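So you can see what is in the structure, the chains are spelled out below.
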Protein chains: 2
Amino acid sequence: MTAPDVEVKALVFDVFGTVVDWRSGVIREGEKLGRATDGNVEVDWASFADAWREEYQPSLGRVRQGEIPWRNLDALHRESLEGLLDRFGVEGLTDAEIEHLNRSWHRLDPWPDAIPGLSRLKPHYVISPLSNGHVRLLTNMAKRAGIPWDLILSAELSGHYKPDEEAYLTAVDILDLEPDRVMMVAAHEGDLDASREAGLRTAYVHRPLEYGPEAAESAEKPDDSAYDIVADDFVDLAERLDAPSIV
Amino acid sequence: MTAPDVEVKALVFDVFGTVVDWRSGVIREGEKLGRATDGNVEVDWASFADAWREEYQPSLGRVRQGEIPWRNLDALHRESLEGLLDRFGVEGLTDAEIEHLNRSWHRLDPWPDAIPGLSRLKPHYVISPLSNGHVRLLTNMAKRAGIPWDLILSAELSGHYKPDEEAYLTAVDILDLEPDRVMMVAAHEGDLDASREAGLRTAYVHRPLEYGPEAAESAEKPDDSAYDIVADDFVDLAERLDAPSIV
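Residues numbered from 1 in each chain as written. Chains lettered and ligands numbered in written order. Predicted model: local features only at pLDDT ≥ 70, side-chain atom pairs only at ≥ 80, totals over all residues. Heavy atoms only, no water.

### What to know about the pairing of strand β4 (residues 182–186) of chain B
All names here are of chain B. Burial analysis of β4 places five of its five residues in the buried class, which makes it a mostly covered element. Residue alternation in β4 divides its side chains into two sets, V182, M184 and A186 and M183 and V185, and both sets are buried. Relative to β4, strand β1 (residues 10–13) runs parallel, the two sharing four bridges. Directly across from V12, in β4, lies its bridge partner M184. Bridging between β4 and strand β5 (residues 201–205) involves four bridges; their strand directions are parallel. Looking at β5, one finds that M184 is bridged to T202. Read from β4 through helix α9 (residues 189–197) to β5, the crossover connection turns out right-handed. (Buried < 20%, exposed > 50% of the residue type's maximum accessible area, 1.4 Å probe, protein only. Helix = DSSP H or I, 4+ residues; strand = E, 2+ residues; numbered from the N terminus. Pairing = 2+ DSSP bridges. Right-handed = clockwise from strand over helix to strand, strands pointing away.)

Written out as structure tokens, the structure reads:
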């Protein structure tokens, strides 16, 4: 639990996997494309989604290690996507169709508890994403899904991808707070470990379904002592942060 | 009106004077402080508010001309405030009281048409402030007053105050749009002229009461041809941008 002598003022959230279910969303968008192209595109979209996400860390890594200059997630996703379409034998898509598929990541749905939990937290804390997704992507996503952020923070504003320290500290600076007044919320330990290293408070939220139902069985939750809070979902997070329901 | 061949995607708004009534807000906060200190602080708060705002452009100017390094509006307001308290003969305030008064600018109320107009625009456009107020100030203001922004943009993100070109172009870049897809909305011609110079579309909204009822009579509205849109208020702006009411 939060130490009583340091009052957290803002909660910043990882998004892909933590707030939204990227896997189901990408599968749905792929299947839609399949129907729109009259069955000319036949793909196992679950494998496609997993393969796309597998390229995520390596592609961030190329920016983080300075191999390629900063570019936003649309650009990185598009680079991976071109290769994947080849690999999965998808042919004949128009550029507009490829771009629409690329922007599936703007059109992901929140986990069912995400908006209820955020709505309870919002009267008590400043709430913002702090994602490797760029501001425009996060804005589109929030507008479409009704995610009630107070503002949109992103690694983009630092020109560094998480888990680079700059991503966290730029967000803290824009919030005009000390790092220990800000709590990072994520379903990924690497993100939280880097946040703690940068001086932020940390809350883990368990998302066993992130990699699909088959992977859920082996998804392990860290010990309660591993982070300031270890929560089962966003409503549980609100309970633990003492943000009571007003109904 | 908007030229039919360029579709505006995002509207960015000046805030002090355009969205919120800073003068009434500062007067109210000053009077509150007067009551809280049992009449020990007797000030003509209208004159005080006007004097505070008069220091605004010169104090931005010192940053814009490189006389002093970047600092946010809380810092600039506080510097002016110290001088003004002296000038108005206010003594004996605690540091916490001075700081609370300084943050009056976080607690300003929107003009009555602002939220109704923004609520009509929001389903059709990305809406954001683009103020010289820093992100934290704008976030606090929106949270307190329920201003339904999609995201919070600020000159702060560029490290340059409006009307420096960087303030506009950084916002456009974060929106991931071409400048002519973004419309600046303001009650101030200097802001709009600089926006147009930077390639943005422009909408003027008339706020004759910004400097108080006495100044209202001499407040002049520019010709309809001066900007892409010249509107009477935010609801009129929504009408002209073809954002019909859904009730």
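### Concerning the sheet that holds strand β2 (residues 126–131) of chain A
Residues and elements named next belong to chain A. One open sheet accounts for six strands, arranged β3-β2-β1-β4-β5-β6; its pairing is parallel. At either end of the open sheet lies a strand with only one pairing partner, and these are β3 (153–154) and β6 (229–231). The pairing of β2 with β3 spans two bridges and is parallel. Within β3, the position partnered with L130 by the bridge is L153.

### Side note on unusual backbone geometry
Residues and elements named next belong to chain A. Omega for the bond connecting K162 with P163 falls within 30 degrees of zero, at 5°, which places this linkage in the cis form. Looking at where P163 falls in the secondary structure, it is placed in the loop between β3 and α8 (165–174). Here D176, not a glycine, exhibits a phi torsion of approximately 60°, which is positive. Topologically, D176 is positioned in the loop between α8 and β4 (182–186). The exposure class assigned to D176 is partly exposed, which follows from its relative accessible area of 34%.

### Topic: the domain arrangement of chain A
Residues and elements named next belong to chain A. What the domain assignment reports for chain A is domain 1 (10–21 + 108–240) and domain 2 (22–106). Between the C-alpha centres of domain 1 and domain 2 there is a distance of 23 Å. Connecting domain 1 to domain 2 are two salt bridges. Our count for the domain 1 to domain 2 interface comes out at 12 residue pairs in polar contact (both at pLDDT 80 or more). For the side of domain 1 that touches domain 2, the element with the most residues is helix α7 (residues 135–145), which contributes four residues. When its residues are assigned to classes, the side of domain 1 that touches domain 2 shows 10 nonpolar, eight polar and seven charged. (Domains from an automatic or database assignment. Salt bridge = Lys/Arg side-chain N within 4 Å of Asp/Glu carboxyl O. Polar contact = N/O pair within 3.5 Å; in protein donor to acceptor, adjacent residues only side chain to side chain. Nonpolar A, V, L, I, M, F, W, Y, C, P; charged D, E, K, R; others polar.)

### Here's the deal with the packing of helix α4 (residues 73–87) of chain A against helix α5 (residues 95–102) of chain A
Residues and elements named next belong to chain A. Axis separation between α4 and α5 bottoms out at 10 Å; the angle between their running directions is 120°. In terms of orientation, α4 lies oblique with respect to α5. Crossing geometry of α4 relative to α5 is assigned as right-handed. Packed against α4, whose contacting residues are D74, H77, R78, L81 and L85, the element α5 presents D95, I98, E99, L101 and N102 at the interface. Among the residues forming the contact of α4 with α5, the class breakdown is four nonpolar, two polar and four charged. (Axes fitted to C-alpha atoms, helices over the stretch in contact; angles between N-to-C directions. Parallel < 35°, antiparallel > 145°, perpendicular 65-115°, else oblique. Left-handed = near helix turned anticlockwise from the far one by under 90°. Contact = heavy atoms within 4.5 Å.)

### A word on the pattern of salt bridges
Charged atoms that come close allow side chains of opposite charge to pair. Taken as a whole and judged by the stated rule, the model has 50 salt bridges over all chains. Among the salt bridges present, the one from A:D113 reaches A:R207, with a minimum N-O distance of 2.9 Å. With A:D113 in the loop between α5 and α6 (114–121) and A:R207 in the loop between β5 (201–205) and α10 (213–216), the pair connects residues that are 94 residues apart, well separated along the chain. In this pair, the class of A:D113 matches that of A:R207, namely buried. Its salt-bridge partner being B:D14, residue B:K162 comes within 3.1 Å of it at the nearest N-O pair. Here B:K162 is found in the loop between β3 (153–154) and α8 (165–174), whereas its partner B:D14 is found in the loop between β1 and α1 (22–36), with 148 residues between them in sequence. Exposure class is identical for B:K162 and B:D14. Each is buried. Linked by salt bridges that have partners in common, A:R28, A:E29, A:K32, A:R107, A:D109 and A:R144 make up one network.

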